[in-house]
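Architecture at a glance
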Amino acid sequence: LGGGGFVSRLMSEVREKRGLAYSVSSYFAPGKDAGIFQAGLQTKNDQAALALEVLSTTITQFIANGPTPTELDAAKANLMNGYPLRIDNNRKLLDNVSSIAWNNLPLDTMDVWTKQVEAVSLEQVKQAFQKYLAMDRMKIVVLGAVNK
């Protein structure tokens, strides 16, 4: 949806098709019991309403329909190919091990993680988005200068 840089749906809809923002992204920040989903962008004041509308519509459509096969493949490749960079120094390695312990995950999590990502299906992604995200539960925060 919004990770993976220039191959995300949000980047395509907000930046590439409409030129409404230089950068747009979304991500999950999981917690022990619950976490947050966050999406964001920066744009000009005079196009903020349109950018927010496109962002919201894109997220709503993604929740309803899930990713395309191409989007899922790109997301998996981004996660799996980027994994070595998430553990390439002692601090990152410790962060991962700490997260595994905090969340009571199996000790072999780092060994099997890429295989688990590879096994995720389109239907699983769609079901997860529909279960955990709903636009009517999201809080929208807009920051900017007041037009004079």
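Residues numbered from 1 in each chain as written. Predicted model: local features only at pLDDT ≥ 70, side-chain atom pairs only at ≥ 80, totals over all residues. Heavy atoms only, no water.

Thoughts on helix α1 (residues 9–16)
Residue pairs three or four apart in sequence face the same way in an α-helix, which turns once every 3.6 residues. For clarity, the threshold we go by: Buried means the residue's accessible area, taken with a 1.4 Å probe over protein chains only, is under 20% of the maximum for its type, while exposed means over 50%, and partly exposed covers the values in between. A helix here means a DSSP run of H or I that spans at least four residues, while a strand means a run of E at least two residues long, and both kinds are numbered starting from the N terminus. Only heavy atoms enter the contact rule, under which two residues are in contact if any of them lie within 4.5 Å.
Among the residues making up α1, those that are buried are R9, L10, M11, E13 and V14. In this structure, the buried residues of α1 make contact with β1 (24–29), β2 (36–41), α2 (48–65) and α3 (69–86).

A word on the side chain of S8
The topology assignment puts S8 in the segment before α1. Residues within four places of S8 in sequence aside, it is in contact with L1, G2 and G3.

Considerations on unusual backbone geometry
Of note, N104 is a non-glycine position whose phi angle comes to about 50°, a positive value. Tracing the chain through its elements places N104 in the loop between α4 (90–102) and α5 (109–119). In this structure N104 comes out as exposed when scored by relative accessible area, which is 64%.

Comments concerning the pairing of β1
Put simply, the test is: Any two strands between which DSSP finds at least two bridges are classified as paired.
As judged from the six bridges shared by β1 and β2, these two strands associate in the antiparallel manner. Following the sheet pairing, F28 is matched in β2 by F37. If you look at the hairpin formed by β1 and β2, you'll find six residues sitting between the two strands.

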